[in-house]
Amino acid sequence: MASRYITCRVQSGRGVQCTAEAVNPDAKLKICTRHLAEAMELIEDARRLGANARRTPAS
């Protein structure tokens, strides 16, 4: 059986689609390792901000 080459679905602000191979071609979210790493950083930043907001007393 031939392996499938599914490309990343992320597009730039100008509408140019990324041509790198998707990490998991069977996943709902088809993104490459670069965009997966960027998404993981954004999620971690949001998690940290949420944790800091819970520790800060309300004004």
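Our structure's up above, just so we're on the same page.
Conventions and cut-offs
- Residues numbered from 1 in each chain as written.
- Predicted model: local features only at pLDDT ≥ 70, side-chain atom pairs only at ≥ 80, totals over all residues.
- Heavy atoms only, no water.
- Helix = DSSP H or I, 4+ residues; strand = E, 2+ residues; numbered from the N terminus.
- Contact = heavy atoms within 4.5 Å.
- Areas by Shrake-Rupley, 256 points an atom, 1.4 Å probe, with all protein chains shown as cover.
- Salt bridge = Lys/Arg side-chain N within 4 Å of Asp/Glu carboxyl O.
- Buried < 20%, exposed > 50% of the residue type's maximum accessible area, 1.4 Å probe, protein only.
- Patch = residues over 30% accessible without salt bridge, like charges linked within 9 Å, V, L, I, M, F, W, Y side chains within 5 Å.
- Polar contact = N/O pair within 3.5 Å; in protein donor to acceptor, adjacent residues only side chain to side chain.

## A look at the overall build of the protein chain
Next, step 1: Along the backbone of the protein chain there are one helix and zero strands.
Next, step 2: The long-range share in the protein chain, meaning contacts at least 24 apart out of those at least 6 apart in sequence, stands at 9%.
Next, step 3: Of the roughly 5100 Å² of accessible surface on the protein chain, 57% is carried by carbon and sulfur atoms.

## Let's talk about the pattern of salt bridges
Next, step 1: All told, the structure shown has four salt bridges when counted by the stated rule.
Next, step 2: Arg-47 is paired through a salt bridge with Glu-44; the nearest N and O atoms lie 2.6 Å apart. One end of the pair is Arg-47 and the other is Glu-44, both in helix H1 (residues 33-55) and three residues apart, which spans about a single turn.
Next, step 3: For Arg-47, a relative accessible area of 48% gives the class partly exposed.
Next, step 4: Across the pair Glu-44 and Arg-48 runs a salt bridge whose closest N-O atoms are separated by 3.8 Å. Of the two residues, Glu-44 and Arg-48 both sit in helix H1, four residues apart, roughly one turn of that helix.
Next, step 5: Of the residues examined, Glu-44 reaches a relative accessible area of 27% and is grouped as partly exposed.

## Focus on the environment of Ala-20
Next, step 1: Considering the arrangement of structural elements, one finds Ala-20 in the segment before H1.
Next, step 2: As for Ala-20 and Ile-31, which are separated by eleven residues in sequence, their C-alpha atoms are 8.3 Å apart.

## Observations concerning a nonpolar patch on the surface
Next, step 1: On the surface, a nonpolar cluster with roughly 260 Å² of combined accessible area is contributed by Val-23, Leu-36 and Met-40.
Next, step 2: Within the secondary structure, Val-23 sits in the segment before H1.
Next, step 3: Given a relative accessible area of 46%, Val-23 falls into the partly exposed group.

## Focus on the side chain of Lys-30
Next, step 1: With respect to the secondary-structure elements, Lys-30 resides in the segment before H1.
Next, step 2: A polar contact of 3.5 Å, which involves the side chain of Lys-30, links it to the backbone oxygen of Pro-25.
Next, step 3: Of the polar contacts made by the side chain of Lys-30, one reaches the backbone oxygen of Ala-27; its length is 2.6 Å.
Next, step 4: Ignoring sequence-local partners within four residues, the contact set of Lys-30 consists of Ile-6, Thr-7, Cys-8, Arg-9, Ala-22, Asn-24 and Pro-25.

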